[in-house]
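# Descriptive analysis of the structure
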Amino acid sequence: MAQDTVSPEQQQQPQRAAAEQVEQQQQQAEAAQEQQVQLEELPPQYQLTIIVPPRPTHSEPALQANGKSRKGAPAAAALSEPRKISILTLPNETFLDLRQAVHESPDGHWIGAFSFRDVNAEGTGPAKEKLSDFVEVADVLGKQERADKVLYVVLENYTDIEARHHVIRFRESAFGPAPYDPNGLGVEAGLSILDYIHPPPPPDATAQPEEAAAAAPEPETKSVAAKGKGKGKKAAPEHEPEPEPESTEPAPAPANHAFSGWKSWTSRPLSTTLPKERGRELKTSLRSLALSAWNPPPPPLRLKGHLHYLVLSTLEGETYHVTSSTRGFFVNRSTSQTFDPSPRADIPAGQLTHSLFDLVARLSPLFVVRFSPTFSDALDPPRDPFSIVPVPQAIPARPWLVTTPSHNADAIRTQTAYLLTGPTSLESLEGARDWNDELQSIRESPRDTYQERLLRERLFAKIYADFALAAVRGVMSIVRGEIQPLNPAEDSKTFLYLHANIFYSPSSDASNQIFTHLGGDEAAHVSVGKDIAGIRMLNSLDLPGLALLASVVVDYAGERWFAQSVIPGLLRRHEVEAALEAKAKKAAVAKSEANVDASKAEEENGEKETEEEKEDEEEEKAKEKLINQVIYGSVEGPEEIRTDKRFGEFAEEIARAYHLAQHPVKDANGKAHELWTSVELKGLHGGDGRRYALETARLNPMDVLFLETDLEGRLYDDKLGPESAAVTKASEAAAEGEEKENAEEAQNDPTAPAKATEEDLEAVKAAGKAHPYPHKFLLLRPEAVEAWVETESKTRARKAVEEAKAAGIASGLFEAPREAVEAKDGEEAKPAVPGPSSADVERAINEGKLSLPKLEPVLLNPDAFVPLPLPKEGEKQTSAGETTADESDPAVKAVRDASNFVRNTLIPILILDVIQGSVSPADGAALTFALHQRGINMRYLGLVYYSANSQRHRGSLLGPARGSIDAFKTVVLQEMVFRASKRILRSLLSGAPQTHLQPAISHFLNCLLGTSIEPRPTAVLPDDFEEGEPTPAWAELTPESLRERITTEVARRFRFQLAADYFEKQTKKPQLLREIALRVGVQLELRDYRFDESSAVAAVSEDEDRAASPANGVSKKKTKKQKRAEAAEAKARSTTFIPDDIVSIVPLVKDSAPKSALAEETYEHGRAAIQQGQRDVGVELMFEGVNLFEQIYTPLHAEVARAFNGYVVARHNVLRMTAAPADETPEAATEREASERVEMEQCLRLARNAVVIAERTLGVDHNETLSYVHNLAFLEATAGNVEVALKYFRYAFELWDTVYGPGHPECFHLFQTVASILQGTRRYQDALQLFLAARDAALELYGPQAFITAALLQKVAESYITVNDLKSAVVAAKESWSGFVDALGKDSAEAKEAEAFLGNLTKAAVQVAKSHQDLIARQTRQNALRARNPKYPTSLAGRSAAAKSAGVFPPSTAAAAAAAAESAPASAQTSESVIRGDEDVDALVKYIQGTTARVGGKKAVRANGKKLSRK
């Protein structure tokens, strides 16, 4: 009976489910309507045709004279006719934006000065009126009644600035898209190597409709995403789709592919990280180009239209002096010694022409042959335009391994500033940009409409990018000593700088000493980073009327600098204060000298003076208040606190957004002031009348639990203490009889972490006290605060609903829940009564019958538990900034609860994600992102490591977690060591002269990574070091002292005790070198570094094979002479690194630029629509979001790469999920398939662009770039481009080798995927090698009992079958069946299927083995007869019928058995002639293997003779 009784809670569940389903449907409908409205409001695009004037035909003879023609060059007849440029443009774009499209097009690159013209009234040509560059496109095209919008380009006379810009464009094209610039931010900045893995596809015409594709020219689009839209439009795809095979067998892969001859994972030498052919296709078209020494033109010639004089040298060796005039360019008669600007009549080709491109083309045939504009596809090898054009609005990524650039003479390099700006005298120099005024003007611009928001965010992105670049260049100049400080008489640690309207300050506490009680310089270093994060948070909030400074943090050469825009009048505040003080003194003197003889006069004059003084004081106070005064928060510390009503409104908005509580703070006099934010946040009334928010570091509350328990708390290590959750769980599982085998293995596993003894715990506690955390500036991350507030709000909401239910039951509104009562002793049966549902409570509240308890918002006190500054000697402690620790205040207690939430909830959730495979970082950058995304500070790395270690033997669906946990622990451990090493290296470089940087870094790396080659490296002192000078600290470094310092830093900063043998046994030296180079800002020479003798030998042996890898495109075999030279160089090196290996020091930047809210909203709405089933609407919205990302950031930006990748993944998933209609006609099916192919090609193009952009903005081996390469490879394989996909997969393997090395869980999935692709293309032997690699990885990661290992072993068995290795196939199948039994049980469907497969395979294999043995026996008999009768025939007549009947094998199996029989020795003996079909599997396997040894078992299995122990 009890089992048939339904509890009230069970009866209530269907009602709750129905109510939730209805609510969810309503929300989805509302979201769909909102998204549809937003999609309809998006502005339409114009398909615009720009008609370009005919180009002079006199450049064609140069082509014909040389006997060559540039690829894609038009014929002479076509050059004499106008050309058309087709683009897609938005209505809000201006004609200034269209100028860039004209200059970047193949048909318009040569044009200099021009204007846009509308169509004339007759519609036959251009109108007479010029169109202003600042007019929006919609104002002109919207008036054209014709469907095809048309504009004309008309050549105009040059102005000075137009001529200079034309010369700049010509120089960029003639000398390659990206010439080396010594003034750049790094060597080979913005490098992309994807084109060398596989060349880009040719451009297509997917944007053209089918009916116009034949007649219309190929469109040039400014937006990559615009090319990728074209949904349902037919056009030629980028990659020709592979023809459908006539048979069901897949077409075989080419004989040579990226995985030909794959044997095992081998680490590639560092010298092959970048292709050696990079940049060679960018050929120089001119020998030199420069401004002539005859500049500027004299006044008489300027009146004749002369603008500039140029001198150029062609590849033929001729030198020409060229005049730039208002009408164009021509060759003049000047030489280096004489000045004669008149045209040179003896050179017909040098006559006046509008474009410098055309003039040089007439003068130099080699220029035409080698000229390669950035948009051209004539490069060899071909290059994607996105891989070579400059990065306009982002600091490009700098590779950590580069080749030392060759330095060539380039006179125009130092003249570029003049070409860009134009001044030729000191008084004509332009002033520096007023960054603050520009930024605040953009912030105050209107944002009510869609177009206004778009324009505003574009301007924001532009100014933040420009400011970051200017700030970085300023920091580099400061460190090199090129800028004088504002306070040169003070200590160098307190130097402040002002340059180009940017204020620079070091991140040290030496100047103001406000962080002394928090940790001094350590706290100041952290606070600067937190300040940038706080400004970014407020920028994202974007409160109208609140001004924020442009801010950037730059790490360069071991020093951290904080760069900010300047508040108007802030630096002259002392002048104003001095003037006010002088005025007050003058008034006092005048008062003392006044005549006060008459009492009445004295009284009257006194009254007048009193009134005048009051007015003056009020005026002075008003002026002082307007001149950069702090009006909110602490002034110079908590002693003086101010409040302001207007700024208080801003503070309230900030507090509401970030869950901060209003709280009282006392000043030095004990007066309480109500503040919404932390006391350090300052509201400043600027001299321009704006209200600025400063000191935004503490927008988040303190991490009080770490402050109280971990500041000098215990150190974690590899040993598990008694509090370990894993040990407890394992013991409980063993006691209950569950997972006993896992528990036993955990105890017997030699790699399992040891249990800590009481002595060990006392030792780590003592070590913790000896190594206190370096500072007390400990804040929670905003992600942690958001996660805790959300969790706490849900908890409070559930509690409020339960209270409302109880109140309703108590008042009789709801019937009390009860269980069903059966009829008994004359009593009637009573049905079960469920409790009130949430829908019942909501209905009662809406009807006014029930009131829901008030839900208080979850708020935190930002000033709770903040450490107090200690009073100076002789001073008493005041109540200023008194520590708030009264936990009876909910806002104070919430701070402790949030801190506890990080430790007890967020970190365990992270470990669970690692176990399940959703978090699997490859390097420190990916680990940092994963932790920060979950609200976990990096100071918890020691606890994260310990928590992961304690869950090492926890099971999951994939199997035991030890493989995933071990890979995760490796990254965590390396990150701790790297961060400690980074701190030490920065301290050694800080303040060091420029000449000390190379030897200091190389010596540091030798002590850390080169001790296997040279245990006692000696520092190489710079050439300018003189005897008698004090030895620099870096030169006294030894491997022992460095290891000791690293161990100490890890213990201090991460509360972790490194193992004694870490540096000898656990260090991954190439990966650690990469981390240091990338995240300290060092570029190293591209070469093979010897970390130990074995690596040196391996590098020499593998270099040739790796260099010829198909993934690198072409063979790069080295000659014997090159090999001998490299061997001699390696032998000459006594250390791993030398100072010359340090090529460059590059700056690292953290900016405060917010993300685009408009693009993010549109993009995320599209993603949500797809998740809700509205696929078409979602794809359209995501596409519009991608368009917005491109418009706001420009295409070459990391955010655009992320948008491309996300859009491609979503669009491809939608394409896969779209099913064909049931009643589809053959014609409709053909059209749909063609449309799908076009969409797939567009996805491939966008995916490729995502990789290229990520390489150039994030890095060629960045973890996000690696992820995008994965997606691109999968898409290519899905599209049928197998050979291309294999190249990208091989490239992904090489990236994994650089980033992590072998053994990462993601590599297991890559092995399996590539193996399946190879098997599908009938490359069975190569597929088997990849499957075996995947098997070894699965056994290492998950063990033989895991489900995923069992499934893989079944594929291994099938792969063995394809290569006719039946013996190994049976063994693999038996291991697979055993794994399924262990993982799921003997009665599971997977185990039964595996058992059936094993049985059929074994029986068939036995038949083949029997036929094999019969053939051997027959051969033996024939040999015996032949010995007695030499004339006995030698042919082998028959084949085993059993072998022929084995239908599960390829037809060649029996032939292989016969061939083996022929090669068997004559003395071979026969085995049993008959095997029963119902024989035991083990006996059948033993028969196949020809051995009596026991095979199989649960504790040990064999594959190819290799024992696979269950770890």
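As shown above, the structure is provided for reference.
Now for a look at the structure at hand. Quick caveat, the model's predicted, so the values are computed rather than measured.

A word on the sheet that holds strand S9 (residues 328–331). Each strand in a sheet pairs with another by means of backbone hydrogen bonds, the pair being arranged parallel or else antiparallel. The antiparallel open sheet is built from four strands, whose spatial order is S6-S7-S8-S9. The open sheet has two edge strands with one neighbour each: strand S6 (288–291) and S9. In this sheet, neighbouring strand axes are inclined to one another by 25° on average, regardless of whether the strands run parallel or antiparallel. Examined bridge by bridge, strand S8 (residues 319–325) and S9 share four bridges and lie antiparallel to one another. Counterpart to Val322 in the pairing with S9 is Val331. Packed on one face of the sheet, helix H10 (residues 356–363) meets strand S7 (306–313), S8 and S9 and runs near 25° to S9.

So, about the nonpolar core. In terms of nonpolar packing, the biggest core is built from 230 residues, with Phe259, Val944, Phe1004, Ile1046, Leu1073 and Leu1084 touching the most fellow members. It is helix H28 (residues 962–989) that contributes the most residues to this core, 14 residues altogether. Aside from chain neighbours lying at most four places away, what touches Ile1046 is Val977, Ala980, Ser981, Ile984, Leu1008, Leu1058 and Phe1063. One finds Ile50, Tyr158, Val322 and Phe371 within the second-largest nonpolar core, a separate group that totals 51 residues.

This part takes up the pattern of salt bridges. Scanning the model with the defined rule gives 65 salt bridges in all. The partner of Glu1294 in a salt bridge is Arg268, and the shortest N-O contact between them spans 3.3 Å. You can see Glu1294 sitting in helix H40 (residues 1282–1299) and its partner Arg268 sitting in the loop between helix H8 (224–228) and S6, a full 1026 residues away along the chain. Exposure remark for Glu1294: the relative accessible area of 3% places this residue in the buried category. A salt bridge links Glu783 to Arg781, with the shortest nitrogen-to-oxygen separation between them at 3.1 Å. Owing to a relative accessible area of 28%, Glu783 belongs among the partly exposed residues under this scheme.

The first and last C-alpha atoms of helix H23 (residues 782–810) sit 41 Å apart over 29 residues, in line with the 42 Å expected at 1.5 Å per residue. Along H23, the residues that are buried comprise Ala784, Val785, Trp788, Val789, Ala800, Ala804, Lys805 and Gly808. Looking one or two residues beyond H23, the residue adopting positive phi is Gly812, at roughly 85°.

Evaluated as defined, the whole model comprises 34 aromatic pairs. An angle of 40° between the planes, with centres 5.1 Å apart, marks the rings of Tyr716 and Tyr946 as tilted. In this pair, Tyr716 sits in the loop between helix H19 (704–710) and helix H20 (725–736) while Tyr946 sits in helix H27 (residues 941–950), placing the two residues 230 residues apart along the sequence. Tyr946 shares its class with Tyr716; the two are buried. An aromatic cluster is present here, built from Phe259, Trp262, Trp265, Phe1293 and Phe1311 joined pairwise through their rings. Above the plane of the ring of Tyr1300 lies Lys1068, whose end atom (NZ or CZ) is 3.4 Å from the centre.

This part is about unusual backbone geometry. For the bond running from Asn295 to Pro296, omega is -5°, close enough to zero to count as cis. Within the secondary structure layout, Pro296 lies in the loop between S6 and helix H9 (299–303). In this structure, Asn501 takes a positive phi of about 60° despite not being glycine. Inspection of the secondary structure puts Asn501 in the loop between strand S11 (497–499) and strand S12 (502–506). Looking at Asn501, the relative accessible area reads 32%, which means it is partly exposed.

Moving on: the side chain of Arg1052. Checked against the element boundaries, Arg1052 lands in helix H30 (residues 1039–1054). The contacts of Arg1052, once residues within four sequence positions are left out, are His771, Pro772, Tyr773 and Pro774.

Compared with an ideal rise of 1.5 Å per residue, which puts 18 residues at 26 Å, H40 spans 25 Å between its outermost C-alpha atoms and is within 8% of the ideal. The buried fraction of H40 amounts to 17 of the 18 residues, a majority that puts the element mostly inside the structure. Immediately beyond the C-terminal end of H40, within one or two residues, lies Gly1301, with a positive phi of roughly 100°.

What counts and what doesn't
- Residues numbered from 1 in each chain as written.
- Predicted model: local features only at pLDDT ≥ 70, side-chain atom pairs only at ≥ 80, totals over all residues.
- Heavy atoms only, no water.
- Pairing = 2+ DSSP bridges.
- Helix = DSSP H or I, 4+ residues; strand = E, 2+ residues; numbered from the N terminus.
- Axes fitted to C-alpha atoms, helices over the stretch in contact; angles between N-to-C directions.
- Contact = heavy atoms within 4.5 Å.
- Core = buried A, V, L, I, M, F, W, Y, C linked by side-chain atoms within 4.5 Å.
- Buried < 20%, exposed > 50% of the residue type's maximum accessible area, 1.4 Å probe, protein only.
- Salt bridge = Lys/Arg side-chain N within 4 Å of Asp/Glu carboxyl O.
- Expected span 1.5 Å × (residues − 1).
- Phe/Tyr/Trp six-rings, centres within 6.5 Å; stacked < 30°, edge-to-face > 60°.
- Lys NZ or Arg CZ within 6 Å of the ring centre and 35° of its normal.

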